[in-house]
Amino acid sequence: MVCFHGDEGALMIKEKGKFKRATSSIGSIANLLNRESVFKIMLVTPMQLLLSFLLVPPFAIVIYLALVNWQPIFGSWTEAPFVGVSNFVRLFSDRQFFWALARTVVIVAISVSFQFILGMALALLFNREFHGKKVCVSVILYPMMLPWVVVGFIFYLLFLDHGPVNYVISSVFGPGATVSWFSSSVTALVAIILADIWQWTPFMFLMSYSALGAVPKELREAAMTLGANLWQIFRYVTFPTIKPVVLIALIIRALECFKIFDLIFIMTRGGPGVSTESMSLYIYRMGFRYGQLSFAAAVAIVVLVAISLVARIGVRPLLKEEL
Amino acid sequence: MTWRKWVLGLVLAGLGFLALADPVAERALAGLRELMNAGVIRPGQTFRIMIHSGQRGQLAPAVEELSRLTGLKIELVVIGYEADIYNKAMHEAIVRSGDYDLFLTFCNWIGDMAEAGLIVPLDSWIKKYDPEIHTGPNAYVKPLDLFTTQYGGHYYALGMDNDALVLFYRKDLLEDPNEQAVFEARYGRPLRLPETWEEFDLITEFFDRPEQGLRGAHLYLTRQFAYTSWAPRFIAKGGIYFDPLTMDPRIDTPEGVEALKEVLALQKHMFPETYTGDWSAAYTFFPEGKVFWTIAWASLGHWASDPETSKIAGKVGFAQLPGEYHEGELYRATPHVVGWSLSVSRYGKAPEAAYLIAQWLNSPSVSAQCITRTGTLDPFRLNHFKDPNLLAAYGPALGPVLLLNAEQSFPDISLRGANEYLDVLNLNLNAAAAGLLTPEEALSQTARAWQEITDRLGRGRQIESWQQEILRYPRHIRELWVKLGKVPPELAGL
């Protein structure tokens, strides 16, 4: 049997050497599939079902936990008393939550900004041919391939009071110039942010570098012919072309950085006190160290909603461009 | 003779030897044999014990031996970071996977684990197999027999450790006649082991010589163990964590604030790692001869006395922690910090068999062998303090001091929610050490958080538990509390 679409878009079936319009149920299904929207849905349905199966039950449990008062030491979670929104009310009256949120936002803002600037600068530097370029690109990408835990330990050891960083500082500026990095919230956060920048600048470099490679040379050449300088070429030709990729990279990094846990856990455990505690560490402390899983679930939901809104705002320019 | 007979002969010889040497171990093996005959367990069956990495070297040979003796397959599941053990154990309380048969955890977590239904009460098995906890020449050092094994009036664990803290000092410096003369000229009193915290502070100041690479002390003010430097002063001053009738926190009191101010005043004589590092910093600085004295667990005695791991081997002294005078009488309070105990999972394959494995490891002879090897488990039974191998490992001078300190030790908070109570205290003390909070703020914030925890967990039950816990404090502390009106006499158990 041979099928094809006729002039009016109807499915035609070849039977006994003649084509005729399909009117059977097969034809109806085929017609249905022929609609673009239905076809798209059919393509994503299997994966969506699988993801739903994996995501919906745990998410339902998280919502359930947030609405009851339960800790493992209270016994079975299925018998926990319903408390409505009291976990959320408690959350919004908890100063430590807001501090953790503010701290995380600061880490994301500083860290991702530096990663973007450095990554872009490196990408522009590498956007030309020179001897040993491939080796240099590989070397730049290595930090990104290291596990968080390893990076955390490396920077913890580097910034110890008797560690290499202070050794260099005391060698150059004298013993009085050393810094006890993990003794104050500011210096400890600086160490954490430096570690994050070191590890994830390569990612921004990689994304920017790939995007730059896709910018047509003709555009730049045309701009140069018209008398544009290097900054103008970057500002009005290169950047608008690579903007969607850069925006996606920034969103990915910002979301990832918002979840920062391992580096802080290894380097400061959130200390001194709770002065370097990020949102993930706060949830970990409440949920796992204190066993307040209901409260931690409420925090997780609020954070999820907040991140979704921010991500939506971040993606909006891309959607506009698509339209 | 076939290989089977060889194996059987060896097993019988081993059992016979243990029967003669250690009835506790023999009862455990006999119990396992019975369970095997009854079909409750079978040869080759796997039992898994969750432990900390610091105990692997101590327990691995014993576990191998027990596997050989019984035909069971006993595995150690090693966790690297102490706090993760609590998290993973409580995770098991939720998922009930049955992956673990025994947990070797801090003894003040027993309450949480019992309340979560994760571990089973051991009363009936302790009665049946008698691990000799309280009586006999091999009993636990008192009061460890209470606070490393019990919660809510029931046995939930077998203690495997003695974590009463010890004062380690540079004997060569303290006994140097020149140093003694200079000290006496400067302070008008002899240089000697301190009886009081005030003397301790003066000596710390005296020996703080940064220009010579020697700091006065290393006291823990870290995120996890800050309370260990504050609590002995607080308790010795007559402080008590909670009001025994209301459970209102009693730490933001003059005793509490004064104790914290004293500790923080010593920071200028210590490395910043006291609050930025972790517990291992003392195990680095003291054996390297970089600090005059430190307060830590007995296992530091191993490190500091061994020429392979210490630059000051042969120069180390061991002492009791100082105290405070009240009406002419000296009151010392030594914290028993954490301490490891074995408890049995409710979701394991055969809880009774798991208990018997714990009893075998805990038995006087086997535990002595384990502790002789370097690790984080320290002597806790009376026979350990007479064991020549063990005494040789710790050095003859440390044993008597450790025994004395253990007898005067007070427990960590072990109530339901103990982990949370202590963590909140630690993080606020650590913040005070970093200058982020004043001593008053640190303690009042802790007190507020403790009120919230108590309300959340149920004040009535917490009061009941705290009144039981008070009875585990050494007698002289309870007497002091009664004298100062902190505890009604009828609740002090005197």
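Per-chain numbering applies: the sequence of each chain, read as written, is numbered from 1 onward. Chains and ligands are labelled sequentially in the order written, the chains with letters from A and the ligands with numbers from 1. For a predicted model such as this one, the threshold for reporting local features is a pLDDT of at least 70, and the threshold for listing and counting side-chain atom pairs is 80 or more; totals across whole chains, interfaces and linings nevertheless cover every residue.

### Details of the overall build of chain B
- Regarding its fold elements, chain B presents 24 helices and 15 strands.
- Each principal axis of the C-alpha distribution contributes one length, and for chain B these read about 80 × 50 × 40 Å.
- Out of the 494 residues in chain B, the part that is buried amounts to 55%.
- Residue pairs qualify as contacts under a 7 Å threshold applied to their C-beta atoms, which are placed from the backbone. Long-range pairs, those at least 24 residues apart, make up 73% of the contacts in chain B with a sequence separation of at least 6. Numbering goes from the N terminus for both helices and strands, where a helix is a DSSP run of H or I of at least four residues and a strand is a run of E of at least two. To sort residues by exposure, count the other C-beta atoms lying within 10 Å of each residue's C-beta; 20 or more gives buried, 12 or fewer gives exposed, and values between give partly exposed, all with C-beta atoms placed from the backbone.

### Quick look at the overall build of chain A
- Summing up its helical and strand segments, chain A has 13 helices and three strands in all.
- Each radius of gyration is computed over the set of C-alpha atoms, and the globule rule expresses the reference value as 2.2 Å times the number of residues to the power 0.38. Rg of the C-alpha trace for chain A: 27 Å, well past the compact-globule value of 20 Å for 323 residues, more than 25% over.
- With the principal axes as the frame, chain A shows a C-alpha extent of 95 × 75 × 30 Å.
- Residues counted as buried form 30% of the 323 residues belonging to chain A.

### Quick word on the environment of Glu 36 of chain A
Residues and elements named next belong to chain A.
- Looking at where Glu 36 falls in the secondary structure, it is placed in helix 2 (residues 36-67).
- With 8 C-beta atoms counted inside 10 Å, the residue Glu 36 sits in the exposed group.
- Linking Glu 36 and Ile 313, residues 277 residues apart in sequence, is a C-alpha distance of 28 Å.

### So, the sheet that holds strand 8 (residues 215-218) of chain B
All names here are of chain B.
- Pairing between strands requires that DSSP locate at least two bridges from one strand to the other. In space, the four strands of this open sheet follow the order 8-9-7-10, with mixed pairing throughout. Both outer strands of the open sheet, strand 8 and strand 10 (316-319), are each paired with one neighbouring strand and no more. With direction set aside, neighbouring strand axes in the sheet form an average angle of 15 degrees. Note on geometry: axes are lines fitted to C-alpha atoms, helical ones only across the stretch in contact, with angles between N-to-C directions running from 0 to 180 degrees.

### Thoughts on the nonpolar core
- Among buried residues, those of type Ala, Val, Leu, Ile, Met, Phe, Trp, Tyr and Cys that are joined through C-beta atoms within 7 Å form a set called a nonpolar core. With 221 residues, the main nonpolar core has Ile 192 and Val 299 of chain A together with Leu 102, Phe 168, Ile 357 and Leu 429 of chain B as its most contacted residues.
- Here the element with the most residues in this core is helix 8 (residues 185-213) of chain A; it accounts for 14 residues.
- Setting aside residues up to four positions removed in sequence, Leu 102 of chain B forms contacts with Ile 49, Leu 342, Val 344, Ser 345, Ala 354, Ile 357 and Ala 358 of chain B.

### Looking at the sheet that holds strand 2 (residues 73-79) of chain B
All names here are of chain B.
- Ordered by their spatial adjacency, five strands build an open sheet running 2-1-3-14-6, and the pairing between neighbours is mixed. Either end of the sheet is taken by a strand with one partner, and the two such strands are strand 2 and strand 6 (158-159).
- Relative to strand 2, helix 3 (residues 56-70) is tilted by about 165 degrees, and along the sheet it contacts strand 1 (46-52) and strand 2.
- Sheet strands touched by helix 16 (residues 351-362): strand 1, strand 2, strand 3 (102-106), strand 6 and strand 14 (340-344). Its angle to strand 14, the strand with the most contacts, is close to 155 degrees.

### Details of the interface of chain A and chain B
- Tallying the contact residues gives 19 residues for chain A and 27 residues for chain B.
- Classification used: nonpolar for Ala, Val, Leu, Ile, Met, Phe, Trp, Tyr, Cys and Pro, charged for Asp, Glu, Lys and Arg, polar for all others including Gly. Partitioning the side of chain A that touches chain B into residue classes produces seven nonpolar, nine polar and three charged.

### Concerning helix 7 (residues 164-173) of chain A
- With zero of its 10 residues buried, helix 7 of chain A lies for the most part at the surface.
- Looking at the residues trailing helix 7 of chain A, positive phi occurs at Gly 174 of chain A, about 100 degrees.

### Re the domain arrangement of chain B
Residues and elements named next belong to chain B.
- Note that domain bounds follow an automatic or database assignment of domains. For chain B, the domain assignment lists domain 1 (3-163 + 338-410) and domain 2 (165-335 + 417-494).
- When each unit is reduced to the centre of its C-alpha atoms, the spacing between domain 1 and domain 2 is 29 Å.
- Opposite the 27 residues of domain 1 that make contact, domain 2 presents 25 residues.
- Taken together, the elements giving at least two residues each to the side of domain 1 that touches domain 2 come down to helix 5 (110-115), helix 7 (144-147), helix 18 (388-394), helix 19 (398-407) and strand 15 (409-410).
- Across the side of domain 1 that touches domain 2, the residue classes tally to 13 nonpolar, 11 polar and three charged.

### Brief notes about unusual backbone geometry
- For the bond from Gly 271 of chain A to Pro 272 of chain A, the omega torsion is 0 degrees, close enough to zero to count as cis.
- Within the fold, Pro 272 of chain A resides in the loop between helix 11 (262-267) and helix 12 (279-289).
- Omega for the bond connecting Lys 142 of chain B with Pro 143 of chain B falls within 30 degrees of zero, at 5 degrees, which places this linkage in the cis form.
- In this structure, Pro 143 of chain B sits in the loop between helix 6 (123-129) and helix 7.

### What to know about the pairing of strand 2 of chain B
- Sheet analysis places strand 1 of chain B next to strand 2 of chain B, joined by seven bridges and oriented parallel. From the neighbouring strand, Ile 51 of chain B faces strand 2 of chain B, where its bridge partner is Val 78 of chain B.

### Section: the packing of helix 11 (residues 227-236) of chain B against helix 12 (residues 254-265) of chain B
Residues and elements named next belong to chain B.
- Relative orientation of the contacting elements helix 11 and helix 12 amounts to 130 degrees, with a least axis distance of 9 Å. The angle between helix 11 and helix 12 falls in the class oblique. As helix 11 packs across helix 12, the resulting crossing turns out to be right-handed. For the pair helix 11 and helix 12, the contacting residues are Ser 229, Trp 230, Arg 233 and Phe 234 in the first and Glu 255, Gly 256, Ala 259, Leu 260, Glu 262 and Val 263 in the second.
- In terms of residue class, the contact of helix 11 with helix 12 is made up of five nonpolar, two polar and three charged. For classification purposes, angles smaller than 35 degrees are called roughly parallel, those larger than 145 roughly antiparallel, those between 65 and 115 roughly perpendicular, and all remaining angles oblique. Each crossing gets its hand from how the near helix is turned against the far one by less than a right angle, where anticlockwise is left-handed and clockwise is right-handed.

### A few points about helix 12 of chain B
Residues and elements named next belong to chain B.
- Expected helix span is computed as 1.5 Å times (number of residues minus one). Over its 12 residues, helix 12 runs 16 Å from end to end, which matches the ideal 16 Å to within 8%, given 1.5 Å per residue.
- Taken residue by residue, helix 12 has Glu 255, Gly 256, Ala 259, Leu 260, Val 263 and Leu 264 as its buried positions. Buried positions in helix 12, seen along its axis, are confined to an arc of 160 degrees and lie on one side of it. Opposite its buried face, helix 12 presents the exposed residues Pro 254 and Ala 265, each directed more than 90 degrees away. Directions pointing from the helix axis toward each C-beta atom define the arc.

### Looking at the confidence of the model for chain B
- Values of pLDDT, which run from 0 to 100, indicate the predictor's confidence residue by residue. Summing up the model confidence of chain B, the mean pLDDT is 93 and the portion of residues at 70 or higher is 96%.
- Of the regions scoring below 50 in pLDDT, residues 15-20 of chain B engages in six contacts with residues more than four places distant in sequence or in other chains.

### Section: the environment of Tyr 227 of chain B
All names here are of chain B.
- For Tyr 227, the location among the structural elements is in helix 11.
- With 25 C-beta atoms packed within 10 Å, Tyr 227 lands in the buried category.
- The spatial distance from the C-alpha of Tyr 227 to the C-alpha of Tyr 355 is 33 Å, given a sequence separation of 128 residues.
- If we ignore the near neighbours within four places in the chain, the residues touching Tyr 227 are Leu 422, Leu 425, Asn 426 and Leu 429.

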